[in-house]
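# Analysis of the macromolecular model
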Amino acid sequence: MVPIVEISELYFSYDNKNLAINNLNLTIYEKEWVCILGHNGSGKSTLAKLLIGLLEPLKGAIKVNGKILSQDTVYDIRRETGIVFQNPDNQFVGSTVADDIAFGMENQQISREEMKERIDKYIRKVRMEAYLQHEPHLLSGGQKQRVAIAGALAMNTKILIFDEATSMLDPQGREDINTLIQELKNDGDKTIISITHDINEAMLADRVIVMKDGTVMTAGSPAEILKDEALMNDCGLDVPLTVKLSQELKKYNIIDDIYVKQEDLVNSLWEYNLKK
Amino acid sequence: MLDNIKLGQYLHGDSWYYRLDPRGKLVMSTFFIVIIFMANNWITYLAATLFTLLIVLTSGVPLKYFYRSIKPIVVLIFFTFFLNLFFYRTGTPLPPLNIIINKIIVIIYGVFVALLITFRFTKVIDRYIIPKIFKITTLVFILINILLSYGLNYTEFSWSFHWIIYKNALINGGYIILRLILIISMSSLLTFTTKPTDLTLAIEHVLSPLKIFKFPVSELALMISISLRFIPTLLEETQKVLKAQTSRGADFTEGNIKDKVIQIISLLVPMFIISFKRAEELANAMEARGYIPGRKRTSLRELRWRFTDNIYVLSFILLTAFFIYFRS
Ligand SMILES: Nc1ncnc2c1ncn2[C@@H]1O[C@H](COP(=O)(O)OP(=O)(O)OP(=O)(O)O)[C@@H](O)[C@H]1O
Ligand SMILES: [Mg+2]
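So, a few notes on the structure that sits alongside this text. Each chain carries its own residue numbering, running from 1 in the direction its sequence is written. Chain letters start at A and ligand numbers start at 1, both assigned in the order the entries are written. For this predicted model, a pLDDT threshold of at least 70 governs which residues receive local features, and a threshold of 80 or more governs which side-chain atom pairs are given and counted, while totals over whole chains, interfaces and linings are taken from all residues. Think of the side-chain values as coming from all heavy atoms in the structure, minus any hydrogens and water.

## Let's talk about the overall build of chain B
Secondary structure summary: chain B contains twelve helices and zero strands in total. Secondary structure counts use DSSP, requiring at least four H or I residues in a row for a helix and at least two E residues in a row for a strand, with both numbered from the N terminus. Helices and strands in chain B line up, N terminus first, as α-α-α-α-α-α-α-α-α-α-α-α. Each residue is assigned to one of three classes by its accessible area relative to the maximum for its type, calculated with a 1.4 Å probe on protein chains only: buried under 20%, partly exposed between the two thresholds, exposed over 50%. Residue burial in chain B is summarised as follows: out of 328 residues, 36% are buried. The contact criterion used throughout is that any non-hydrogen atoms of two residues lie within 4.5 Å. Considering only contacts within chain B whose residues lie at least 6 apart along the sequence, 80% involve residues at least 24 apart. Taken as a whole, chain B presents about 19,900 Å² of accessible surface, with 72% of it coming from carbon and sulfur. To measure how exposed things are, a 1.4 Å probe is used in the Shrake-Rupley method; for residues, cover is taken only from the protein chains shown.

Structure representation (structure tokens):
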């Protein structure tokens, strides 16, 4: 596993009093899908902004793709990193959907033909093809998020950061995006860092990282993290339905473990059924 | 309250004029404003009028929209015309209908001012205070000017002072009105038929020679297009703040000047904070997507210069030639 993002002893403060990021160490590997959980104000968005050099750390180093983040490398690093922010309203730069998707590509100096091709491709992926010429104030929040996602994908970067990029999407929309991320991961060389409050998304990730008070509290596979009820409650989240169900079933000795993945639960229920 | 503000004047439609290259339209509309000042007799004005009419009538934009864009400046046209009558004092005078005309005009102004004043002081609820103050001062200004221009000679000045209208003043006034209407029609046509985005792109192209002098043309164009893109969003936001304040008991409809000022401040302060926050987040988003001011970028939109654009430009050159030949 090749590390692509290495963060060591990172500190950051907005007001020089409270540390928003407090001694954070984290390594993310190439082609990994990492999910970051944490309650409101735990510093997730701040971390994302530090990663692309929008904020300057007080102390510590960030290494992206082998380059140490600094004044000289920040533009190169941004070329390799696409990001979708939390608030879709304030990241819509273009005057129409097509213009907005093109904005990042224009900065990368991609040719017009290539841009048109990619816009066509990604607008379909986020199911916004009917809105190509629409102006931003005519779109709903979720639709703007879809456009922002298409814009980040179209830049074709190695690393993608989603900061609650699907928070305004309907369940079907979220599932679409999660499938899309999985596709991207499977057939490409993309590293995905998604900040989320959505446990269904966390279940799909390779690794889940839990942040608290500006630092990494724990990290592990979704199966380990998501079944820890105390930990999940600490993030302001509930455990997945499968975990709840297995807890109940365990009480009646039907199964003897707690399962996060639906198929694992189903398998063990089959086993129980056969044993009977 | 804010619903009736229409943003961008673009009207959806399609015609030969819509399909013209926005660069050509932009440059020619500006050029038109320049050459219209070359017209100075009936034949050149007739040509300019016919030319504009031809374009306007074939552009596919309903005439009522032109009327709408001229309407707000009717008052201005009216004042320009009268100022012209007062100050244009050469040539042959018209026969002295003056006494009656003067009386009528003085009475009209008197009644107008009196109405405005009584309206101002009897009605506490007054939404349109600023335009009214503007109107009153304009009227006072004009009255003072009349008094000054005649008052210096006290033998001439009496309640039935002799106001001589010169023939040229009338004709000239007419030309001024015509000129304003033509200019407004041509410029409105540009904004009616060109999307703001295309217009910005055209501005960027037209100004691009300034890049030699290190003038940030592309940055300026991006700035314009972002501002345009954010106007509706900010209006929406204003409405939200307005509703939020109203729901907390603020009243934006009543009160005297002092209350009004307080009301406006209570609206402006949150709006400023919101705009700054938005601007910062937007700047972040732009930077994150690799925007570097001054760095070369490619562009998704392209402008195409077609054969009709050549003809369009040629028609303006012919009009100019006509002006040069026939002006007196
Ligand atoms: N622009 C800012 N100025 C000052 N303090 C800030 C700013 N943005 C965030 N903070 C503070 O930094 C801390 C971390 O905020 P951050 O936005 O990173 O949280 P988050 O984990 O993304 O939360 P959420 O789940 O709500 O998005 C919070 O305590 C917050 O109050
Ligand atoms: Mg956040």
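## A short note on the coordination of the magnesium ion (ligand 2)
Note: metal donors comprise N, O and S atoms at 2.8 Å or less from the metal (3.2 Å for Na, K and Ca); water molecules are not included, so apparent gaps in a site are possible. Summarising the metal site, the magnesium ion (ligand 2) is bound by the protein donors A:Ser45 (OG) and A:Gln86 (OE1), whose distances to it range over 1.8 to 2.4 Å. With a gap of 41 residues between them, A:Ser45 in helix α1 (residues 44–51) and A:Gln86 in the loop between β6 (81–84) and α3 (97–107) connect regions that are remote in the sequence.

## Details of the environment of B:Ser208
Residues and elements named next belong to chain B. For Ser208, the location among the structural elements is in the loop between α9 (196–207) and α10 (217–247). You can call Ser208 partly exposed: its relative accessible area is 28%. Along the primary structure Ser208 and Ser218 are separated by ten residues, whereas in three dimensions their C-alpha atoms are 7.9 Å apart.

## Some thoughts on the side chain of B:Ser29
Residues and elements named next belong to chain B. Following the sequence through the fold, Ser29 ends up in helix α2 (residues 22–35). Ser29 gets classed as buried once you look at its relative accessible area, which sits at 4%. Polar contact is defined as a pair of N or O atoms within 3.5 Å, subject to the rule that within protein one atom must be able to donate a hydrogen and the other to accept it, and that residues adjacent in sequence are counted only when both atoms are side-chain atoms. Engagement of the side chain of Ser29 in a polar contact is seen with the backbone oxygen of Lys25, the distance being 2.8 Å. Residues within four places of Ser29 in sequence aside, it is in contact with Tyr17, Met186 and Leu190.

## Describing the packing of α10(B) against helix α11 (residues 257–288) of chain B
Residue and element names in this part refer to chain B. Structural elements are reduced to axes, namely lines fitted to C-alpha atoms, with helices fitted over the stretch in contact, and the angle between N-to-C directions of any two is expressed from 0 to 180 degrees. Contact pair α10 / α11: the axes reach a minimum separation of 10 Å and the direction vectors enclose 140°. It follows that α10 is oblique to α11 by the angle criterion. Between α10 and α11 lies a crossing whose hand is right-handed. Contacts from Leu222, Ile226, Phe230, Thr233, Leu234, Glu237, Thr238, Val241, Leu242 and Gln245 in α10 reach Ser266, Leu267, Pro270, Met271, Ile274, Ser275, Arg278, Leu282 and Met286 in α11. Lys, Arg, Asp and Glu make up the charged group, whereas Ala, Val, Leu, Ile, Met, Phe, Trp, Tyr, Cys and Pro make up the nonpolar group; the residues left over, Gly among them, are polar. Taken together, the residues of the contact of α10 with α11 sort by class into twelve nonpolar, five polar and two charged. In what follows, roughly perpendicular refers to angles from 65 to 115 degrees, roughly parallel to angles under 35, roughly antiparallel to angles over 145, and oblique to any angle outside these ranges. Less than a right angle of anticlockwise turn of the near helix away from the far helix marks a crossing as left-handed, whereas a clockwise turn marks it as right-handed.

## Some words on helix α12 (residues 307–326) of chain B
A helix is expected to reach a length of 1.5 Å times the quantity of its residues less one. Taking 1.5 Å per residue, 20 residues should reach 28 Å; α12(B) reaches 29 Å between its end C-alpha atoms and fits that length. On the buried face of α12(B), the contacting elements are α1 (16–19), α2, α3 (42–58) and α8 (167–193) of chain B.

## A few points about the layout of surface pockets
Cavities and pockets are defined on a 1 Å grid built over the protein atoms alone: a cavity is a set of grid points where a 1.4 Å probe fits but cannot escape, while a pocket is an open set with protein on both sides within 12 Å along at least five of seven lines, and lining residues are those with an atom within 4 Å of any such point. Grid points are joined across faces, edges and corners, and a volume is the space filled by probe spheres set on the points. Space inside the largest pocket adds up to approximately 1,300 Å³. Lining the largest pocket are 42 residues, with A:Thr96, B:Lys195, B:Thr197, B:Asp198 and B:Arg301 positioned closest to its centre. Of all the secondary structure elements, the ones that give two or more residues to the lining of the largest pocket are α3 and α4 (112–125) of chain A together with α1, α2, α9 and α10 of chain B. At five residues, the largest contribution of residues to the lining of the largest pocket is made by α10(B). Looking at the lining of the largest pocket, its residues break down into 16 nonpolar, twelve polar and 14 charged.

## Let's talk about the sheet that holds strand β1 (residues 3–13) of chain A
All names here are of chain A. We call two strands paired when DSSP finds no fewer than two bridges between them. On the basis of which strands lie adjacent, the open sheet formed by four strands has the order β2-β1-β4-β5 and antiparallel pairing. Strand pairing shows two members of the sheet lacking a second neighbour, β2 (19–29) and β5 (67–68), which therefore form its edges. Across two bridges, the pairing between strand β4 (residues 59–64) and β5 is antiparallel. Its bridge partner lying in β5, Val64 is registered against Lys67. In the packing of α1 onto the sheet, contacts are made with β1, β2 and β4, and the angle to β1 comes to roughly 115°.

## Let's talk about the site of ligand 1
Residues and elements named next belong to chain A. The environment of ligand 1 is made up of 13 residues, and the closest members are Gly41, Lys44, Ser45, Thr46 and Gln86. Backbone polar atom of Ser42 to an oxygen atom of ligand 1: 3.2 Å apart, as the coordinates give it. Alone, ligand 1 offers 640 Å² of accessible surface; in the complex the protein occludes 59% of this. Of the residues forming the shell around ligand 1, the biggest block, three residues, is contributed by α1. Partitioning the shell around ligand 1 into residue classes produces two nonpolar, nine polar and two charged. If a single non-hydrogen atom of a residue is within 4 Å of a molecule or strand, that residue counts as near it.

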